[in-house]
Amino acid sequence: MKNYFKAALCLTAVAAFAHANASTILFSTGFSEAGPQASAAAYREVVDAAIAAPVKGYGTAMISSYDNVKNSKVFGSGDNVAFKSSINFGVSAAQAGIWNFRAGVDFGKGGALFVDGVALDFKANDMVWGGSYANPGQYLSASVHLAPGNHVLSIYGVEGCCDGSQQVQFQYGKGNFTSFGASDGLVSIVPEPSTYAMLLIGLGLLGFTARRTQTVQFRA
């Protein structure tokens, strides 16, 4: 039992760093027949409302790569889809500066892009990325100065029929555009103070358990 307890504490400590040291992509969808919206905030409101009402063929999942993403591949439905993607990532001191983002989407009714809750782009036209960034009117994009720390890129959109492949990429410094994912090369999310606290508690419990075990063995 003691070994199980120690193993659980180790996994807790590792999980804290594993979660803190990786970009995460939360992909959420819902059923929606909404049409084009008048603002980025309106897209966010419509999509959030759709996701809040679960329906078969739609859902929420963590995905490992933002390349060739479709709701039909992840959850099943290809029609009347409201999309929300939340990408959490960290910026180190060396990476701070101008970051560029582009989201190749298939949003027949338009969509919007936010960084840290601020709307930076929205389009109400039919966007069909189709693997090409040649036409700026067919994808969402933004350029913003990011300071060191944690950041969130959020994308909202509505598709009426036959959702196509999507891709979301970032670029900073003199680097090339890179798709978000498990191998995107980002430094990762900077652990919050609460994460450090959880890790220290876990390590403290491990140390206490080890000392107690040694003491019991010595007395025996």
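Preceding this paragraph is the structure being described.
A few points on the structure. (Residues numbered from 1 in each chain as written. Predicted model: local features only at pLDDT ≥ 70, side-chain atom pairs only at ≥ 80, totals over all residues. Heavy atoms only, no water.)

## Some words on the pattern of salt bridges
Link 1 in the chain: Counted under the stated rule, the structure contains 2 salt bridges.
Link 2 in the chain: The partner of Lys84 in a salt bridge is Asp48, with the nearest N and O atoms 3.5 Å apart. Placement of Lys84 in strand β3 (residues 81-91) and of Asp48 in helix α2 (residues 40-51) is noted, with a sequence separation of 36 residues between them.
Link 3 in the chain: Judged by its relative accessible area of 30%, Asp48 is partly exposed. (Salt bridge = Lys/Arg side-chain N within 4 Å of Asp/Glu carboxyl O. Helix = DSSP H or I, 4+ residues; strand = E, 2+ residues; numbered from the N terminus. Buried < 20%, exposed > 50% of the residue type's maximum accessible area, 1.4 Å probe, protein only.)

## Some points on the sheet that holds strand β10 (residues 149-159)
Link 1 in the chain: Read across the open sheet, the 6 strands follow the order β2-β1-β3-β10-β6-β7; overall the sheet is antiparallel. In this open sheet, the two strands that pair with only one neighbour each are β2 (60-63) and β7 (118-123). Across this sheet, the average inter-strand angle for adjacent strands is 15°, counted without regard to direction.
Link 2 in the chain: Here β3 runs beside β10; their pairing, made up of 11 bridges, is antiparallel. Directly across from Phe83, in β10, lies its bridge partner Gly157.
Link 3 in the chain: Sheet contacts for α2: β1 (24-31), β2, β3, β6 (111-115), β7 and β10; angle to β10, the most-contacted strand, approximately 80°. (Pairing = 2+ DSSP bridges. Axes fitted to C-alpha atoms, helices over the stretch in contact; angles between N-to-C directions. Contact = heavy atoms within 4.5 Å.)

## Some thoughts on α2
Link 1 in the chain: An ideal rise of 1.5 Å per residue puts 16 Å on 12 residues; α2 measures up with 17 Å between its terminal C-alpha atoms.
Link 2 in the chain: Along α2, the residues classified as buried are Ala40, Ala42, Tyr43, Val47 and Ala50. Along the axis of α2, the buried residues cluster in a sector spanning 160°; they form a single face. Within α2, the exposed residues directed more than 90 degrees away from the buried face are Glu45 and Ala49.
Link 3 in the chain: Where α2 is buried, its residues meet β1, β3, β6, β7 and β10. (Expected span 1.5 Å × (residues − 1). Arc of directions from axis to C-beta.)

## Side note on the sheet that holds strand β9 (residues 139-146)
Link 1 in the chain: Across the sheet, 4 strands lie side by side as β9-β4-β11-β12; this open sheet has antiparallel pairing. At either end of the open sheet lies a strand with only one pairing partner, and these are β9 and β12 (178-179).
Link 2 in the chain: Bridge count between strand β11 (residues 167-172) and β12: 2 bridges; the pairing is antiparallel. Along β12, the bridge assignment pairs Phe170 with Thr178.

## Considerations on the side chain of Ser85
Link 1 in the chain: Relative to the helices and strands, Ser85 resides in strand β3.
Link 2 in the chain: The buried category is assigned to Ser85, whose relative accessible area is 1%.
Link 3 in the chain: Residue contacts for Ser85: discarding those within four places in its chain leaves Leu26, Phe27, Tyr66, Leu153, Ser154 and Ile155.

## Quick word on the nonpolar core
Link 1 in the chain: One finds Tyr66, Phe89, Phe101, Leu153 and Phe180 to be the most contacted residues of the largest nonpolar core, which totals 29 residues.
Link 2 in the chain: For this core, the secondary structure elements donating two or more residues are β1, β3, β4 (97-104), β6, β9, β10 and β11.
Link 3 in the chain: Considering each element in turn, this core owes the most residues, 5 residues, to β3.
Link 4 in the chain: For Phe101, the residues in contact, after removing those within four places along its chain, are Phe89, Val115, Leu140, Ser141, Ala142, Val144, Leu146, Leu153, Gln169, Phe170, Phe177 and Phe180.
Link 5 in the chain: With 9 residues, the next largest nonpolar core counts Ala40, Ala82, Tyr156 and Val158 among its residues. (Core = buried A, V, L, I, M, F, W, Y, C linked by side-chain atoms within 4.5 Å.)

## Looking at the packing of aromatic side chains
Link 1 in the chain: Within this structure, the stated rule accounts for 17 aromatic pairs.
Link 2 in the chain: When the ring centre of Tyr133 is taken as reference, the NZ or CZ atom of Arg102 above it lies at 3.8 Å.
Link 3 in the chain: The ring centre of Phe177 lies 4.0 Å from the NZ or CZ of Arg102, which sits over that ring. (Phe/Tyr/Trp six-rings, centres within 6.5 Å; stacked < 30°, edge-to-face > 60°. Lys NZ or Arg CZ within 6 Å of the ring centre and 35° of its normal.)

## Quick word on the pairing of β4
Link 1 in the chain: Of all 8 residues in β4, 6 are buried; the element is thus mostly enclosed.
Link 2 in the chain: The sheet contact formed by β4 and β9 spans 8 bridges and is antiparallel. Each bridged residue has a counterpart across the sheet, and for Asn100 the counterpart in β9 is Ser143.
Link 3 in the chain: Alignment of β4 against β11, held across 6 bridges, turns out to be antiparallel. Residue Phe101 lies in a different strand from β11, and its bridge partner there is Phe170.

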